[in-house]
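# A look at the structure
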Amino acid sequence: MTLTQSDALLVIDLQNDFCPPVHRAGGALAVTEGDTIIPLINALAARLPHTILTQDWHPTGHISFATTHAKDPYETIAAPYGPQVLWPDHCLQHSHGAAFHPALDVPQAELILRKGFRQEIDSYSAFLENDHTTPTGLAGYLRERGITRLFLCGLAYDFCVRYSALDGKALGFETIVIEDASKAVNLPHSVADTNDALAAAGIPRVHSSKILIA
Ligand code: VGL
Ligand code: ZN
């Protein structure tokens, strides 16, 4: 695949809490084998002309935390903006769990976009919060920088990668998901639903070799 200066790698939420714990720390919402994609992501970032990282970044008492509602994780509540899955407390602002995984080696990343920082709205997508209305500013940033094509990877395939890809495409960016550089949380139906939603939106899923061996 021919790459140009208008291409960027968008690395979603490669944080300690989404990976198996290292020295018993992190892993609050660990994605199975979430850390195994990191060497591949480092290699992809070395190849793409621009890299942007997202960082899930929640305050205490966040609306997405089961503990906030005295409920069990993975239940769904009716939030003012629609259904919201409840999660274990994760990615608390400035915690070790919210820090990038130590194996992630992308010092050249040009932007770290924090999301989910409002107590009353979660944000799976890097573009729009879960009300599907409140912008994060990423679309404007990318447009101003002349970036027109996005390669998405990271965690979790069936939540933050999914909604970031759908919104990126809807906002006019050419959007591609690097399938072997993402891992899923895997709630019932979540991966099949993601595959269907990406296909319906015309978002291709490609193998990293298409980009690395170009
Ligand atoms: C994510 C659940 C809660 C993700 C973030 O990064 O996919 N999932 N917060
Ligand atoms: Zn979160």
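The structure contained in this document is the topic of the report that follows. Worth saying up front: this structure is predicted, and the values here are computed from it rather than measured.

As a further point, take the coordination of the zinc ion (ligand 2). Bound to the zinc ion (ligand 2) on the protein side are Asp56 (OD), His58 (NE2) and His90 (NE2), at distances that span 2.0 to 2.2 Å. Metal-centred angles of 87 to 169° between the 4 donor atoms at the zinc ion (ligand 2) mark the site as irregular. Written as a sequence motif, the donor residues of the zinc ion (ligand 2) are D-x1-H-x31-H. Taking relative accessible area as the criterion, histidine 58 reaches 0% and is therefore assigned buried.

Turning to the nonpolar core, a few remarks are in order. Counting 57 residues, the largest nonpolar core has Leu9, Leu14, Phe127 and Leu138 as its most contacted members. When residues of this core are traced back to their parent elements, those giving at least two are strand E1 (7–12), helix H1 (38–47), strand E2 (50–56), strand E5 (111–115), helix H2 (138–144), strand E6 (149–155), helix H3 (157–170) and strand E7 (174–183). Apart from residues lying up to four places away in sequence, leucine 138 is in contact with Leu10, Ile52, Leu111, Leu113, Ala126 and Phe127.

This part is about the site of ligand 1. Residues in close proximity to ligand 1 include Asp13, Phe18, Leu29, Asp56, Trp87, His90, Leu155, Ala156, Phe159 and Cys160, which together make up its full environment. Interatomic distance of 3.1 Å between a side-chain N/O atom of aspartate 56 and a nitrogen atom of ligand 1. At 3.0 Å from an oxygen atom of ligand 1 is found a main-chain nitrogen or oxygen belonging to alanine 156. When the free accessible area of ligand 1 is taken as 250 Å², the share hidden by the protein chains comes to 100%. Mapping ligand 1 onto the cavity grids shows that it belongs to the largest cavity. Of the residues belonging to the shell around ligand 1, the class tally is 7 nonpolar, 1 polar and 2 charged.

Each value, and the rule that gives it
Residues numbered from 1 in each chain as written. Chains lettered and ligands numbered in written order. Predicted model: local features only at pLDDT ≥ 70, side-chain atom pairs only at ≥ 80, totals over all residues. Heavy atoms only, no water. Donors = N, O, S within 2.8 Å, 3.2 Å for Na, K, Ca; no water. Tetrahedral: all angles 85-135°; square planar, octahedral: opposite > 155°, others 65-115°. Buried < 20%, exposed > 50% of the residue type's maximum accessible area, 1.4 Å probe, protein only. Core = buried A, V, L, I, M, F, W, Y, C linked by side-chain atoms within 4.5 Å. Helix = DSSP H or I, 4+ residues; strand = E, 2+ residues; numbered from the N terminus. Contact = heavy atoms within 4.5 Å. Near = heavy atom within 4 Å. Polar contact = N/O pair within 3.5 Å; in protein donor to acceptor, adjacent residues only side chain to side chain. Areas by Shrake-Rupley, 256 points an atom, 1.4 Å probe, with all protein chains shown as cover. 1 Å grid on protein atoms, 1.4 Å probe; cavity = no way out; pocket = protein on both sides within 12 Å on 5 of 7 lines; lining within 4 Å. Sits in = over half its atoms within 2 Å of the grid points. Nonpolar A, V, L, I, M, F, W, Y, C, P; charged D, E, K, R; others polar.

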